[in-house]
Amino acid sequence: MSRFGALTLLAAACLTGSLLVVSPATSAQEGEGSAPPTADAERCLKTGLPELSSGEQARAELKEAGMVRDVAEEAGVEPRDLRRALKADESLHVDECGKMLYIESGPEPEVLAASAALEAHDNPQSQAGSDKKNVLKVSKGQNAFALNSRPGAPYTIFLDFDGGPIPSGWRNLWSERYGVLLPATAAPFGDSDPAFSAEELNAIKAIWEGVAEDFSPFNVNVTTQQPPMADLERSNEADTRYGVTALISPRSDEFALCRCSGLGYVGTFDWIGPDPQGYKVSLNRGDPAYVKNPRFAVGTISHEVGHNFGLLHDSTAESEYAPKRGVWGIIMGGATGLIEQFSNGDFPGSLNSQDDLDVIAAEGPQRIPDDHEDTPQAATAFTNSVNGLLTTRQDVDWFTFTAQHAKTKVEAAPRSWNANANLELHITNANGQTVATVNPAATSDKANLSAVAEIATTPGQQYFVRIDGTGETSAPTIYSDYGSVGQYSVTVSKFVAPPPPPPPPPPPVNPGPAKVAPIITAGALEGAHWGPRKKKRWAVWGTWDVSPDTVAPTSYKVVLKGKKIKVKKKKAKRNGKKAWQYRTPTLKETVDAPRRVAAFLTENLPKRGKYRVTVTATNAYGTSKKYAMSIKAKKTRGKAAQRRMG
């Protein structure tokens, strides 16, 4: 399912011209691209476009106005990427001031309501990437509103879960476009109750931890703690301390009016000046699915923040949002996977060749310097455990340890439940000989990002461990090593063999058939009659099945009852006349087991009619319940009936 079909994230507003401040210099240069004023939010390019234009229409209008390059530069993207995206993606829009934004397609109400049902499979509490013990491993026990991934970092992504002021641009947009005035202050995440439940607090921690992992290769602080305005606004070109805000609110009734699931402006992360309209503030719907499925929230928030960094959609010819491949999802696509990564468009069918990680770094946040060397000669020594970070596909980390046991367990595992890195574990001895290489393949329901090796070691000898982010080739989950970056840990411990499985229980002793009365389980009967009317002979024959769990019967009793018939008495009655008498003919026969065939009789019965037959079986422990059947006799010849009766 698409992440946009599972919850609604509204990221930034499309503003009408009446909400934008146009400088006098801009007004004087009618029809031309304006010179940049001090504040990026106030700059308005004269594109000649209507309030909003998208897709091929926007592409044609920008081409006719000669504004493709200006609009692309405004968002920090390549002109060719803008032309390609407008051609392939109807969700990409350009407003009348030349600002690019995405208006994501919205879910149907029943789809949104059904998203909570996905908890069983995609909830990180039960499917934490590849190792559920890492769920909330980093943030467990911390204050949900004081979480910081890199305290002191110059760049900030602020996740505001406890409500706050809504920028005037957002409120005016809703009023003018949809006829509803948003309140000045957003309600807290989850619901309008300012008191957070334990479940909501855990969801906040999980969402923060997941978003922090997506941006862990960069020197940016993902935080839930209110930062000073100086950490969000950029005062000038020389200012290298700034960021964006994600305001999360449950205003679902207002959001439903636009039938959209996300609006995000492109390339606003490094904009200069104040932002009263809210270009750098994302307004997020706190859907209940956030609480049940933090994975959906993480993927969507990182997706919209990616637009702020200047990232475009990863699209294919078939979809504006590249679908997931097996358990692999693309952050700038539209599908939630058990592993999600940024991409450089190297998957089959991709229409976007942006190098996502390089684009993010170009907006300000630089990659974290390499924390461990990439050769065994400079390997980091450790005893029991060590943490590491992969920041590029070329990054490999080497470690060394001295064995203390004859058999050692070495494990490499992501540090977050929302892991981006698929880890390959490679171990060599002091002579450079390979001892083990481990990289489990993905399955249909697990990403299998951890790697564990159990190796024989010589106490006192040195061993080397190499950690590398790798791709996946197990169809349908296929992806390259480009996005396998992020935080991990390596641990070594004494290998303790699991206890042998308990011996199988002895085969049950067959007690033999139960010493109870027989149980008839099935039966089949046939009937026939022959001869003249007054000397008619009848026969019934059949077989019966008895449960093998009881002692075999020694005899069967078969009883046939016909419908009432009238017969004349031999003696006169009533004025000397013969009278009619009605009776029900009953025929009985006992058959020795195990023949299980009954045949009888000599009786003057009518040639038509349906007859009820009951069978009982008897052994040394009793007589079974009656097994009832009915038959309808067929006319036949006597010898033929006798042959069939056996």
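Summary of the structure given here. Since this is a predicted model, take the numbers as computed values, not measurements.

### Points about the overall build of the protein
Reasoning step 1: A tally of regular secondary structure across the protein gives 14 helices and 33 strands.
Reasoning step 2: When burial is assessed residue by residue, the protein has 53% of its 646 residues classed as buried.
Reasoning step 3: A separation threshold of at least 6 residues defines the contact pool for the protein, and within that pool the share at least 24 residues apart is 74%.
Reasoning step 4: By element, 51% of the accessible surface of the protein is carried by carbon and sulfur atoms, the whole surface being about 29,100 Å².

### Description of empty space enclosed by the protein
Reasoning step 1: This structure, assessed with the given rule, holds one cavity of 30 Å³ or more.
Reasoning step 2: When its volume is computed, the largest cavity comes out at roughly 40 Å³.
Reasoning step 3: If you trace the largest cavity, you find it lined by W328, Q341, F342, S343, D346, Y479, S480, Y482 and G483.
Reasoning step 4: When its residues are assigned to classes, the lining of the largest cavity shows four nonpolar, four polar and one charged.

### Here we look at the sheet that holds strand β19 (residues 451–456)
Reasoning step 1: Here we have four strands laid out as an open sheet, ordered β14-β23-β16-β19, and antiparallel in their pairing. Every other strand in the sheet has two partners, leaving β14 (385–390) and β19 as the edge strands with one partner each. Between one strand axis and the next, the sheet turns through 15 degrees on average, direction left out of account.
Reasoning step 2: Where strand β16 (residues 407–414) lies against β19, six bridges are found, and the strand directions are antiparallel. Residue pairing in the sheet places K407 in a bridge with A456 of β19.

### Quick word on the pattern of salt bridges
Close approach of charged atoms lets side chains of opposite charge pair.
Reasoning step 1: If you walk through the whole model with that rule in mind, you get eight salt bridges.
Reasoning step 2: One salt bridge in this structure joins R234 and E237, with 3.8 Å as the shortest N-O distance.
Reasoning step 3: For the salt bridge of R466 with E424, the shortest nitrogen-to-oxygen distance reads 3.1 Å. Here the residue R466 occupies a position in strand β20 (residues 462–469), and E424 occupies one in strand β17 (residues 423–429), the gap between them amounting to 42 residues.
Reasoning step 4: Residue E424 is classed as buried on the basis of its relative accessible area, which comes to 17%.

### A few points about the sheet that holds strand β13 (residues 380–381)
Across a sheet, strands are paired by hydrogen bonds formed along the backbone, either parallel or antiparallel in direction.
Reasoning step 1: Across the sheet, which stays open at both edges, the five strands sit in the order β13-β15-β20-β17-β18 with mixed pairing between neighbours. On the outer flanks of this sheet lie β13 and β18 (434–438), each paired with one strand and no other.
Reasoning step 2: Bridge count between β17 and β18: four bridges; the pairing is antiparallel. Opposite I427, over in β18, you have A436 as the bridge partner.

### Side note on a negative patch on the surface
Reasoning step 1: Residues D370, D371, E373 and D374 make up a contiguous surface patch of negative charge.
Reasoning step 2: Along the chain, the position of D371 falls in the loop between α13 (356–362) and β13.

### Regarding the packing of helix α9 (residues 198–214) against helix α12 (residues 294–308)
Reasoning step 1: Axis separation between α9 and α12 bottoms out at 9 Å; the angle between their running directions is 40 degrees. Classified by the angle between their axes, α9 and α12 sit oblique to one another. Our pair here, α9 against α12, has a crossing hand that is right-handed. Judged by residue contacts, A206, I207, G210, V211 and D214 of α9 engage P294, A297, V298, I301 and S302 from α12.

### Brief notes about the environment of S343
Reasoning step 1: Take S343: it is sitting in the loop between β12 (339–341) and α13.
Reasoning step 2: A residue is classified by how much of its surface remains accessible, and S343, at 1% relative accessible area, is buried.
Reasoning step 3: In the structure, S343 is positioned 13 residues away from I330 in sequence and 6.7 Å away in space, judged by C-alpha atoms.
Reasoning step 4: Discounting chain neighbours no more than four positions away, the residues touching S343 are D314, I330, Q354, D355, D356 and Y482.
Reasoning step 5: Within the structure, the side chain of S343 is placed 2.8 Å from the backbone nitrogen of G345, a separation counted as a polar contact.

### Quick look at the pairing of β16
Reasoning step 1: Buried residues dominate β16, accounting for six of its eight residues.
Reasoning step 2: Taken together, the seven bridges between β16 and strand β23 (residues 486–494) define a ladder with antiparallel strand orientation. If you follow V410 over to β23, its bridge partner there is V492.

### A short note on the state of the cysteines
Reasoning step 1: A full pass over the atoms with the stated rule returns one disulfide.
Reasoning step 2: Disulfide pairing is shown between C44 and C97; the S-S distance is 1.9 Å. The S-S bond linking C44 to C97 shows a torsion near -80 degrees; that makes this disulfide left-handed. Here C44 is found in the loop between α2 (24–28) and β1 (52–54), whereas its partner C97 is found in the loop between β2 (92–95) and β3 (100–105), with 53 residues between them in sequence.

### Considering the pairing of β2
Reasoning step 1: By the alternation rule, side chains of β2 split into L92 and V94 and H93 and D95, which are all buried.
Reasoning step 2: For β1 and β2, the ladder comprises three bridges, and the chain directions are antiparallel. Bridging across to β2, S54 finds its partner in H93.

Cut-offs and rules
Residues numbered from 1 in each chain as written. Predicted model: local features only at pLDDT ≥ 70, side-chain atom pairs only at ≥ 80, totals over all residues. Heavy atoms only, no water. Helix = DSSP H or I, 4+ residues; strand = E, 2+ residues; numbered from the N terminus. Buried < 20%, exposed > 50% of the residue type's maximum accessible area, 1.4 Å probe, protein only. Contact = heavy atoms within 4.5 Å. Areas by Shrake-Rupley, 256 points an atom, 1.4 Å probe, with all protein chains shown as cover. 1 Å grid on protein atoms, 1.4 Å probe; cavity = no way out; pocket = protein on both sides within 12 Å on 5 of 7 lines; lining within 4 Å. Points joined across faces, edges and corners; volume = space filled by probe spheres on them. Nonpolar A, V, L, I, M, F, W, Y, C, P; charged D, E, K, R; others polar. Pairing = 2+ DSSP bridges. Axes fitted to C-alpha atoms, helices over the stretch in contact; angles between N-to-C directions. Salt bridge = Lys/Arg side-chain N within 4 Å of Asp/Glu carboxyl O. Patch = residues over 30% accessible without salt bridge, like charges linked within 9 Å, V, L, I, M, F, W, Y side chains within 5 Å. Lys, Arg positive; Asp, Glu negative; His and termini not counted. Charge placed at Lys NZ, Arg CZ, Asp CG, Glu CD. Parallel < 35°, antiparallel > 145°, perpendicular 65-115°, else oblique. Left-handed = near helix turned anticlockwise from the far one by under 90°. Polar contact = N/O pair within 3.5 Å; in protein donor to acceptor, adjacent residues only side chain to side chain. Disulfide = S-S within 2.5 Å.

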